[in-house]
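Chain residues, written in single-letter form:
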Amino acid sequence: MQRRSLLAAPLAATLAAPGLVRAQGAWPDRPVRIIVPYPPGGSNDTVARILQPKLTELLGRPVVVENRAGASGSVGSSETARAAPDGHTWLLANDTLATNETLMQLPYRVMQGFSFCTLVGTCPYALVTHPSTPFQNFAQMVEAAKARPQTLNYATTGVGSGAHIATVLLQQRGDFRLEHVPYRGGGPALQDALAGHVPLFMSNIVIILPHIRAGALRPLGLTQKTDSRYLPGVVPFTRQGFPDFEALTYWVLVGPAGIPDPILARMQQAVKQVLAEANVQARMAEQGADIVGSTPAETEAFVRAEIEKWGAVIRDNNIRAES
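Keep in mind that this is a model prediction, so the values were computed, not measured. Residues take numbers from 1 onward in each chain, read along the sequence in its written order. Local features in this predicted model are restricted to residues of pLDDT 70 or higher, and side-chain atom pairs are both shown and tallied only at a pLDDT of 80 or more, whereas totals for entire chains, interfaces and linings draw on every residue. Side-chain measures were taken over the full set of non-hydrogen atoms in the model, leaving aside hydrogen atoms and water.

### Quick look at the overall build of the chain
Here a helix means four or more residues in a row that DSSP labels H or I, a strand means two or more in a row labelled E, and each is numbered from the N terminus. On a plain count of helices and strands, the chain comes out with 13 helices and 10 strands. For the radius of gyration, the atom set is restricted to C-alpha positions; the globular benchmark scales as 2.2 Å times the number of residues to the power 0.38. In terms of overall size, the chain behaves like a compact globule, its C-alpha atoms giving a radius of gyration of 20 Å where 323 residues would be expected to give roughly 20 Å. Taken along the three principal axes of its C-alpha coordinates, the chain extends 65 × 40 × 30 Å. Categorising residues by exposure relies on relative accessible area from a 1.4 Å probe, with only protein chains included: less than 20% of the type maximum marks a residue as buried, more than 50% marks it as exposed, and the intermediate range marks it as partly exposed. Split into buried and exposed, the 323 residues of the chain put 55% on the buried side. For the charge count, each Lys or Arg is scored as positive and each Asp or Glu as negative, with His and the chain ends excluded. To locate a charge, take atom NZ for lysine, CZ for arginine, CG for aspartate or CD for glutamate. Positive and negative charge centroids in the chain, built from 28 and 25 side chains respectively, lie 1 Å apart.

### Quick word on the nonpolar core
Counting 50 residues, the largest nonpolar core has L55, W90 and V120 as its most contacted members. L127, A163, V252 and W310 belong to the second largest nonpolar core, which has 49 residues in total. Take the buried Ala, Val, Leu, Ile, Met, Phe, Trp, Tyr and Cys residues and link them wherever side-chain atoms come within 4.5 Å; each set so joined is a nonpolar core.

### Thoughts on empty space enclosed by the protein
Put simply, the grid is 1 Å and covers the protein atoms alone, a cavity is a trapped set of points that fit a 1.4 Å probe, a pocket is an open set with protein on both sides within 12 Å along at least five of seven lines, and lining residues have an atom within 4 Å of a point. Grid points are joined across faces, edges and corners, and a volume is the space filled by probe spheres set on the points. All told, the structure shown has two cavities of 30 Å³ or more when counted by the stated rule. Considering the residues around the largest cavity, the lining is formed by D95, T99, Y125, G162, L248, E306 and W310. Classification convention: Asp, Glu, Lys, Arg as charged; Ala, Val, Leu, Ile, Met, Phe, Trp, Tyr, Cys, Pro as nonpolar; all other residues, Gly among them, as polar. Class assignment for the residues of the lining of the largest cavity results in three nonpolar, two polar and two charged. Quantified by volume, the second largest cavity comes out at close to 30 Å³. Around the second largest cavity sit P37, Y38, S72, G73, S77, A93, N94, T96, L97 and N100, which together line it. Here the element with the most residues in the lining of the second largest cavity is helix α5 (residues 96–103); it accounts for three residues. Its residues assigned to classes, the lining of the second largest cavity comprises four nonpolar, six polar and no charged.

Here it is in structure tokens:
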């Protein structure tokens with residue numbers, strides 16, 4: 001699915017009156033909650049709270065963000081899957097919604113357990129190195145990795161994380177081997193990367209963008225197919241010998257299975273209106289995010305493709321979730 005910028009949305013949709021959503025029926029008739037399956041302060045939490053105030057205005061009911069952290073997002077996902085499909089409980093998930101399907105034994109199946117509302121936005125990963133290393137570019141790093149397989153360490157936010165699986169695929173396609181150093185979260189991994197304790201770090205650019213700009217970390221490549229407006233000059237892996245290579249983190253809004261189509265459509269339109277606001281676009285840009293605002297059908301197709309793509313990498317490499 002191609003990303004769609006809301007800057008190109010029809011004027012009538014982006015400038016719709018706040019009362020439009022409320023005028024279409026009884027829903028919502030009580031507060032709406034958005035479950036974030038991670039602790040406060042992460043990118044999912046940040047994006048949910050960017051959306052929250054304007055959604056409250058558009059829906060005419062309080063929108064409450066609830067953090068339900070644990071087990072790589074599966075605790076909050078499970079709670080959402082068990083909720084009544086009445087449009088009052090939603091989940092703002094990320095790429096682990098798709099990867100956990102293969103990594104874990106879950107009480108639900110993603111494609112059967114959720115109603116798909118909208119893909120809010122996407123963000124690439126970047127492979128970075130500490131300036132003290134000799135690697136001025138990705139090719140030099142690959143040469144060193146091939147000379148001494150599995151001796152060059154790279155950090156990620158954990159086993160089975162999007163960054164981990166993306167790096168595994170990169171190694172497969174490039175025929176080189178690194179040694180994985182998993183961390184329990186982006187904060188500890190970032191601190192060790194900044195200190196030079198680990199020479200390589202694969203991370204979404206939300207975490208590392210300011211440090212790249214400050215020169216504290218040197219970028220070697222980007223996991224989206226095209227150049228990033230947030231990191232001009234950083235070469236995508238598609239132009240470094242890996243055609244069509246793409247790995248994105250993302251923020252996707254889903255609800256429990258069985259939400260009526262009219263409610264799904266109305267929630268998607270409400271989110272789309274919020275994403276068209278100039279201040280929201282500016283705050284999303286601060287996250288290094290490309291806004292999408294896809295339809296429910298497009299969102300379902302996107303998640304299905306992510307499960308198939310990354311499930312194959314997980315199985316091929318016998319990646320197992322951390323206990």
